[in-house]
Amino acid sequence: MISIDATPKNILYWFFWGFAEKLANHLNPFLTNSAFFSALASSRRSIQLYLKATKLKTKPNIICAHNMGTLYPAHQLSKKWDVPFVFDVEDYHPGEFIHMDVKNEKRRREYLMKNLLSRAMAITSASPLIGKYTLKLIGGHPNHTIILNSFPQNEFKSPLLTSKNQNIQKSNIKLIWFSQNISFGRGIEELFEALSQFYKTINSQSINVTLIGYLDKIFEKQIIHPFLNKVKDNSKINISILPPLAQEQLHNELSKHDIGLALELNTADLNRKLCLTNKIITYAQAGLYILATDTPAQKAFIKEHTILGKTCSQNLTEIIGILKEIKSNSFTDNAKMKRFEYSKKLCWEEESKKLMHIWKKLL
């Protein structure tokens, strides 16, 4: 494992590359057909990575690149060493939310993908729609594969084993949502608004909602506290908030719940519409019933795997309607076990076979 120092510990080194990136930003509009200046203007790490890799003493058989900053060095090293390179498109990079120099940065990413990605010996994409948009941008590719970001099957416990080892109250419906941060713009505020209108109609069943992630203090003050004050006299609804969990801990925690919430929103960020987040795959592997909003990628996923859950529109009325439809028979051990067994075909052991096939073919 070789790392590149991205801190100002070596102030001259840090200043040089920061200056080089800014200079490339100013020059790139006049040098739009330069892959070098496009890569440097997009990320100084791209050139740093290339220079670091040229010092390797052992020539590889295959170069595998991942994320936008690695595309230029992978392409250049492939030419230098005369070895094939493979690129994994986990996100549709021109459609991501770009913070600065938006127009030029989008153009740079499109230019690099059109001119360099088409020369990869193989391309993988993390969702069908990311693959579709990528292929349309670069004019197609003869060796393209969808490989989902799934996880090893042994990290997920059988629902039958979980039910046997725990005293699970079947009258409770347990919803769970996780991300790095619990904050605005992820559909959680819409969930709380729906619950605040729905909680009075709860009769025999209780609803427990678990959120996992770093809690944004402003979100806590503006969304969670008002909700808790509103439902404080109702014992049928409970909120639990957990800090981020390590991967295996998270997968173990998921098995204790019934419904996985994938409440992504259609925003100006095109990539959010096209991607399949880790959470929706994780819910599937855990055997949870997935309640997903109808972003194009999630809608297509649930349509292909109808046993796994349901999609709803991104409006309050439909979310409330879905909550009212919740019936405990969807979360019996038998139903959960069927989803768990079905989702084994999505696990990393199966998805990785596609990657191994690509590598063996290239070798």
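See above for the structure.
Calculation criteria
- Residues numbered from 1 in each chain as written.
- Predicted model: local features only at pLDDT ≥ 70, side-chain atom pairs only at ≥ 80, totals over all residues.
- Heavy atoms only, no water.
- Helix = DSSP H or I, 4+ residues; strand = E, 2+ residues; numbered from the N terminus.
- Buried < 20%, exposed > 50% of the residue type's maximum accessible area, 1.4 Å probe, protein only.
- Contact = heavy atoms within 4.5 Å.
- Areas by Shrake-Rupley, 256 points an atom, 1.4 Å probe, with all protein chains shown as cover.
- Pairing = 2+ DSSP bridges.
- Axes fitted to C-alpha atoms, helices over the stretch in contact; angles between N-to-C directions.
- Right-handed = clockwise from strand over helix to strand, strands pointing away.

**Let's talk about the overall build of the protein chain**
Stage number 1. Each helix and strand in the protein chain was counted, giving 16 helices and ten strands.
Stage number 2. Burial analysis of the protein chain (363 residues in total) assigns 50% to the buried set.
Stage number 3. Here the contacts in the protein chain between residues at least 6 apart in sequence split such that 68% fall between residues at least 24 apart.
Stage number 4. As presented, the protein chain carries roughly 18,600 Å² of accessible surface, and 54% of it is formed by carbon and sulfur atoms.

**Quick notes on the sheet that holds strand β7 (residues 237-242)**
Stage number 1. Spatially, the six strands line up as an open sheet ordered β7-β6-β5-β8-β9-β10, and their pairing is parallel. Edge positions in the sheet fall to β7 and β10 (309-312), since each of these pairs with one other strand and no more. Ignoring strand direction, the axes of neighbouring strands in this sheet form an average angle of 20 degrees.
Stage number 2. Sheet analysis places strand β6 (residues 206-215) next to β7, joined by six bridges and oriented parallel. By the bridge assignment, Ile-207 is partnered in β7 with Ile-237.

**A look at unusual backbone geometry**
Stage number 1. Although it is not a glycine, Asn-67 sits at a positive phi angle of roughly 85 degrees.
Stage number 2. With respect to the element layout, Asn-67 can be found in the loop between β1 (63-66) and α4 (71-81).
Stage number 3. For Asn-67, a relative accessible area of 38% puts it in the partly exposed group.
Stage number 4. Positive phi outside glycine occurs at Asp-82, with the angle close to 60 degrees.
Stage number 5. For Asp-82, the position within the fold is in the loop between α4 and β2 (85-89).
Stage number 6. Residue Asp-82 is classed as exposed on the basis of its relative accessible area of 69%.

**Here's the deal with the pairing of strand β3 (residues 122-125)**
Stage number 1. Burial along β3 is two-sided: the residues Ala-122 and Thr-124 and Ile-123 and Ser-125 are all buried.
Stage number 2. Taken together, the four bridges between β2 and β3 define a ladder with parallel strand orientation. Residue pairing across strands places Phe-87 opposite Ile-123, the latter belonging to β3.
Stage number 3. Handedness of the β2-helix α5 (residues 102-116)-β3 crossover: right-handed.
Stage number 4. Sheet topology places β3 next to strand β4 (residues 144-146); three bridges connect them, and they run parallel. Residue pairing in the sheet places Ser-125 in a bridge with Ile-146 of β4.
Stage number 5. Following the backbone out of β3, through helix α6 (residues 128-138) and into the adjacent parallel β4, one traces a crossover that is right-handed.

**Describing α6**
Stage number 1. Every buried residue of α6 is listed here: Leu-129, Ile-130, Gly-131, Thr-134, Leu-137 and Ile-138.
Stage number 2. Looking at the buried residues of α6, the elements they touch are β2, α5, β3, β4, α11 (270-274) and α13 (296-304).
Stage number 3. Gly-139 lies just past α6 and shows a positive phi near 85 degrees.

**Re helix α3 (residues 44-53)**
Stage number 1. Among the residues making up α3, those that are buried are Arg-44, Ser-46, Ile-47, Gln-48, Tyr-50 and Ala-53.
Stage number 2. Tucked inside the fold, the buried residues of α3 contact α1 (11-27), α2 (35-42) and α4.

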